[in-house]
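Single-letter residue listing:
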Amino acid sequence: MTENLQPMPNDWTRALAVAAHPDDMEFGCAGAVAAWTGSGKQVSYLLVTRGEAGIDGMTPAEAVKVREEEQHASAAVVGVDAVEFLDYADGAVECTPGLRRDIAAAIRRHRPELVVTFNHHDFTYTGKWNSPDHRNTGRAALDAVLDAGNRWIFPDLDAKPWNGVKYVAVAGSIQPTHAVDVTGFLDAAVASVEAHQAYLAGLGIPPGAARGPLEGFAQATGQRFGGRPAIPFELLEF
Ligand SMILES: [Zn+2]
């Protein structure tokens, strides 16, 4: 794909990011989150799992606490204070009515105009088979945007229906359409990723090694966005 990416719409004030695991937002789009919060927008994170199966050398019982702490730290670096966890089992996320209900409840409480989620397609942008947690979380988030606005779906939820979501931005998509200029926010993006210390150590990624790939990705995206370092998204309008 070589056509140019469009600037992301700016007519929103609150975003809710729905991701499967701690680190999805960081690797996917932390620079864009830093740019948004830096311009006064409010961004909250909803994590479907605590990523307890993500560190090979650590049992899930140990990892669950470490990963939760690292997620709070990495969110704070890019101006995100509100981080919630739904406690689904890492690795076994399915797109069920229960998950849609939990995400719809969060959308009704946070009342975002923008929902951000992570690649829901079968394949990753590098052509690999995608994680089932990513696929199912992304699809449940898209479905939950519709659910949140319909008072006859999940009518037992406390929060009132919210049909104010205008956009869903999918990070890490195989078919990006829009981009966010992250000039001046790459350091924050790198720091946000590096806050996942134990996770990176578990993957054998040494301190400092995340910078190169993150900058390279932003520069490569920039080739379709006027030469500015950027984070790409697939934008769906609702
Ligand atoms: Zn993930």
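Heads up: the structure comes first, above all this text.
The shown structure was predicted, so the numbers you read here are calculated from the model rather than taken from an experiment. (Residues numbered from 1 in each chain as written. Predicted model: local features only at pLDDT ≥ 70, side-chain atom pairs only at ≥ 80, totals over all residues. Heavy atoms only, no water.)

Our next topic: the pattern of salt bridges. Under the defined criterion, the tally for this structure stands at 13 salt bridges. Here Asp147 and Arg100 are joined by a salt bridge, their closest N and O atoms 2.8 Å apart. Residue Asp147 is found in helix H4 (residues 132–149), and its partner Arg100 is found in helix H3 (residues 97–110); the two are separated by 47 residues along the sequence. Residues joined by salt bridges that share partners form a network here, namely Arg50, Glu68 and Asp87. (Salt bridge = Lys/Arg side-chain N within 4 Å of Asp/Glu carboxyl O. Helix = DSSP H or I, 4+ residues; strand = E, 2+ residues; numbered from the N terminus.)

Our next topic: unusual backbone geometry. Here the phi dihedral of Asp87 falls at roughly 70 degrees; this positive angle occurs in a residue that is not glycine. By the element assignment, Asp87 lies in strand S4 (residues 83–88). With a phi angle near 50 degrees, Arg111 is a residue other than glycine that sits in the positive phi range. In this fold, Arg111 is placed in the loop between H3 and strand S5 (114–118).

Turning to the packing of H3 against H4, a few remarks are in order. With their axes 8 Å apart at the nearest point, H3 and H4 run at an angle of 55 degrees to one another. As judged from the angle between their axes, H3 and H4 are oblique. Regarding H3 and H4, the two cross each other, and that crossing is right-handed. Within the contact between the two elements, H3 uses Leu99, Arg100, Ile103, Ala104, Ile107 and Arg108 and H4 uses Asn136, Thr137, Ala140, Ala141, Asp143, Ala144, Val145, Asp147 and Ala148. Classifying every residue of the contact of H3 with H4 by side-chain character gives 9 nonpolar, 2 polar and 4 charged. (Axes fitted to C-alpha atoms, helices over the stretch in contact; angles between N-to-C directions. Parallel < 35°, antiparallel > 145°, perpendicular 65-115°, else oblique. Left-handed = near helix turned anticlockwise from the far one by under 90°. Contact = heavy atoms within 4.5 Å. Nonpolar A, V, L, I, M, F, W, Y, C, P; charged D, E, K, R; others polar.)

Moving on, we come to the environment of Glu234. Secondary-structure assignment places Glu234 in strand S8 (residues 230–237). The contact partners of Glu234, leaving out residues within four places of it in the chain, are His120, His121, Val168, Ala169, Val170, Ser173, Gln175, Pro176 and Thr177. Of note is the side chain of Glu234, whose polar atom sits 2.6 Å from the side chain of Ser173. At 3.2 Å, the side chain of Glu234 and the side chain of Gln175 are in polar contact. (Polar contact = N/O pair within 3.5 Å; in protein donor to acceptor, adjacent residues only side chain to side chain.)

A few words now on the side chain of Asp90. Looking at the secondary structure, you find Asp90 in the loop between S4 and H3. We note that Asp90 is buried and unpaired, the nearest opposite charge coming from Arg67 at a distance of 5.0 Å. A distance of 3.2 Å separates polar atoms of two side chains, one belonging to Asp90 and the other to His21. The residues touching Asp90, leaving out its near neighbours within four places in the chain, are His21, Thr49, Gly51, Glu52, Ala53, Gly54 and Asp133. (Buried < 20%, exposed > 50% of the residue type's maximum accessible area, 1.4 Å probe, protein only. Lys, Arg positive; Asp, Glu negative; His and termini not counted.)

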